[in-house]
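Examination of the molecular architecture
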Amino acid sequence: MDFDLFVIGGGSAGVRCARIAAGHGARVGVAEARFWGGTCVNIGCVPKKFMVMAAEYGLAAKDSVGFGWDAPKAKHHWATLIAAKDKEIARLNGIYQRLLQQSGAEVFEARASFIDAHTLDVGGKRITAEKIVIATGGHPTRLDIPGAELGIVSDDAFYLADCPKRVAIIGSGYIAVEFAGIFAGLGAQTHLIYRQPLPLRGFDEDLRLLLAEQMQGNHVILHPDTTPVSIVAHGNERSLALSDNSVLDVDMVFFATGRAPNVAGLNLAAAGVKTKPSGAVVVDESMASSIPHIYAIGDVTDRLNLTPVATAEGHAVADTLFGHKPRKISLENVPTAVFSIPPIATVGITEEQAPPGAKIFVAKFKPMRHQISGRQRFSLMKLVVDGVTDKVLGVHMLGEDAPEIVQGLAVAVIAGATKADFDKTIGIHPTAAEEFVTLRTITRVVGQAMAAQ
Ligand code: NDP
């Protein structure tokens, strides 16, 4: 065999897997046809966060007036932001590639596809490997409506020549909600069209409700219980017909309607690797596919499509195969954040998923900063506590710094901390985070009409 391990895909999952395996002494090859670092670094988490920051600066400039700043009316220059973002992403790209090369892995800037279960075609070269890891990620999808090709997807949103003046975003998952904050914050008239009564299906209801209110406060125009019907172009303008018979005339329609695994062209059938109808590679809990020496990690498995999960899976597969440290990644209690404005972060179960008898503690307040800025912004924090064991089962927050705060609390949840542990922790004052350790009054008990207040 040419390699002990060949990794297809140089995104977060693939790069981590290749580097760690090479560090364990394996002969590793890795192929990437597009850009090192994959979706997260190039057209996902990282550039998205820069764009969220850009939007937040505009809001902060307005908020500073209450604090005595004579802020000039801010005008945003889209091209400056995109150039700065591109420069930073190019730097990160280079780091990813260098780290890989320094690890000793052989790098192929080419597409790979299966010839048989141990043989790959890598850019026209025939390569054999003992173990193969599929880490090809996913891509954004459009809805199947007339004129769908006239809309953009998140891949395109990072390279727009200009910020649209009017944008209609379809969907209300992570990407829709995050880009609604970006475009509205940068001055675009922003519509959010979604088929649920509230955005972010699956998240805690109280957070969803407050997020909808806060988005409206940021001038996002919400269209709940609505689906798109068709898109028609009039020059550069797009007319988006909706299920409520209204038509929105906008400059851009943005599909944020989910992602699908990248399996086209891999010729998985030649290797006998089983996929789901969605194309996702079927894996067991050690990330092995239906063919025992072929593994799949990250978004191509379409389980929990988050970068840190993908890197953890890549690391675990490398340790298991070449580091004599077999381990599995648990998808339980994975913390996650939505970089909406304001952001959301959460770990553990929601109130809706909580067992009867679970105690719910909620605090909703106006952050200190906005007592003076005058902005109608609120934070919400929630603990879901087991009624029998007193263990904290869920931590949820909407509000400034939520992702930074909940990351630490996720350690406590994973460690099995109880509400009593939270109560005996001294707060850091004055912070928003201290609310999590000073929640004394039960707001509700799950399954009981009204708890003692
Ligand atoms: P999501 O799966 O989160 O959301 C898809 C949205 O599209 C939902 O609102 C869904 O509605 C809607 N939708 C799907 N099909 C239809 C349809 N036929 N008609 C109308 N609406 C439809 O996908 P995203 O594209 O937002 O993101 C993909 C994944 O990427 C996320 O799940 C997440 O794992 C990851 N991600 C993570 C981020 C982070 O960690 N901060 C940031 C960005 C992405 P409904 O809810 O009704 O199904």
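Going by the structure above, here's the rest.
Per-chain numbering applies: the sequence of each chain, read as written, is numbered from 1 onward. Residue-level local features of this predicted model are given only where pLDDT is at least 70; pairs of side-chain atoms are given and counted only at 80 or more, and the full residue set underlies all totals for whole chains, interfaces and linings. Hydrogens are left out, water is left out, and the side-chain values use all remaining heavy atoms of the structure.

Let's talk about the overall build of the protein
Counting its regular elements, the protein contains 12 helices and 22 strands. In this description the radius of gyration comes from C-alpha coordinates, and the expected globular size is given by 2.2 Å times residues to the power 0.38. A compact globule built from 453 residues would reach a C-alpha radius of gyration of about 22 Å, and the protein, at 24 Å, matches this within 12%. Each principal axis of the C-alpha atoms in the protein carries an extent, and together these give about 65 × 60 × 45 Å. Throughout, exposure labels follow a simple rule: accessible area from a 1.4 Å probe, protein chains only, divided by the maximum for the residue type, with under 20% read as buried, over 50% as exposed, and the rest as partly exposed. Buried residues in the protein amount to 51% of all 453 residues. Of the contacts made within the protein by residues no fewer than 6 positions apart, 64% connect residues no fewer than 24 positions apart. Residue exposure ignores everything except the shown protein chains as possible cover, and the areas themselves are Shrake-Rupley values with a 1.4 Å probe. With an accessible surface of roughly 20,700 Å², the protein has 54% of that area assigned to carbon and sulfur atoms. Helix and strand definitions follow DSSP, with helices as H or I runs of at least four residues and strands as E runs of at least two, each counted in order from the N terminus. We call two residues in contact when some of their heavy atoms are within 4.5 Å.

Description of the packing of helix α3 (residues 45-63) against helix α4 (residues 78-102)
Pairs of packed helices are described in terms of their axes, by the angle between the two and the distance that separates them. Axis separation between α3 and α4 bottoms out at 10 Å; the angle between their running directions is 145 degrees. For the pair α3 and α4, the sense of crossing is right-handed. Residue-level contacts link V46, P47, F50, M51 and A54 of α3 to W78, L81, I82, K85, E88, I89 and L92 of α4. In this count, Pro and Cys sit with the nonpolar residues alongside Ala, Val, Leu, Ile, Met, Phe, Trp and Tyr, while Asp, Glu, Lys and Arg are called charged and the others, Gly among them, polar. Its residues placed into classes, the contact of α3 with α4 shows 10 nonpolar, no polar and 2 charged. An axis is simply a line fitted to the C-alpha atoms; with a helix, the fit covers only the stretch in contact. Between two such axes, the angle follows the N-to-C directions and lies from 0 to 180 degrees. Each crossing is labelled by how the near helix is turned from the far one, with a counterclockwise turn of less than a right angle marking it left-handed and a clockwise turn marking it right-handed.

Here we look at the environment of D2
Turning to its location among the elements, D2 is positioned in the segment before β1 (3-8). What makes D2 partly exposed here is its relative accessible area of 39%. Beyond its immediate stretch of four places on either side in the chain, D2 contacts R27, R126, I127 and T128. At 2.8 Å, the side chain of D2 forms a polar contact with the backbone nitrogen of T128. Nitrogen and oxygen atoms within 3.5 Å of one another constitute a polar contact, given that in protein one can donate a hydrogen and the other can accept it, and given that sequence-neighbouring residues count only through two side-chain atoms.

So, the packing of helix α1 (residues 12-23) against α4
Where α1 contacts α4, the two axes come as close as 9 Å, and the packing angle between them is 25 degrees. Between α1 and α4, the interaxial angle falls into the category roughly parallel. Pair α1 / α4 crosses with left-handed handedness. Where α1 approaches α4, its residues S12, V15, A18 and R19 are matched on the opposing element by Y96, L99 and L100. Class assignment of the residues belonging to the contact of α1 with α4 gives a composition of 5 nonpolar, 1 polar and 1 charged. Roughly parallel refers to an angle under 35 degrees, roughly antiparallel to one over 145, roughly perpendicular to one between 65 and 115, and oblique to any angle outside these ranges.

Description of the pairing of strand β10 (residues 220-223)
Note on pairing: DSSP must find at least two bridges between two strands before they are called paired. Here strand β9 (residues 189-193) pairs with β10 via 4 bridges, running parallel. Opposite I193, over in β10, you have H223 as the bridge partner. Classification remark: right-handed applies to a crossover when, strands pointing away from the viewer, the course from the first strand over the helix to the second runs clockwise. In the classification by handedness, the crossover that spans β9, the intervening helix α7 (residues 205-217) and the parallel β10 is right-handed.

Side note on the site of the ligand
In these notes, residues near a molecule or strand are those with any non-hydrogen atom within 4 Å of it. Around the ligand, a shell composed of 19 residues is seen, among which S172, R195, Q196, R201 and N305 lie nearest. Within the backbone of I175, an N or O atom sits 2.9 Å from an oxygen atom of the ligand. Between an oxygen atom of the ligand and a main-chain N or O atom of N305, the distance comes to 2.8 Å. Within the complex, 77% of the 910 Å² of free accessible area of the ligand lies under protein. Top contributing element to the shell around the ligand by residue count: helix α6 (residues 174-185), with 3 residues. Class assignment of the residues belonging to the shell around the ligand gives a composition of 7 nonpolar, 7 polar and 5 charged.

Side note on the sheet that holds strand β18 (residues 344-348)
One open sheet accounts for 6 strands, arranged β17-β18-β21-β20-β19-β22; its pairing is antiparallel. Strand pairing shows two members of the sheet lacking a second neighbour, β17 (336-338) and β22 (444-445), which therefore form its edges. Bridge count for β17 against β18 is 3 bridges, and the pairing is antiparallel. Across the sheet, the residue bridging to T336 is T346, located in β18. Contacting β17, β18 and β21 (392-398), helix α11 (residues 402-414) runs over the sheet at an angle of about 5 degrees to β18.

Structural measurements only, silent on function.
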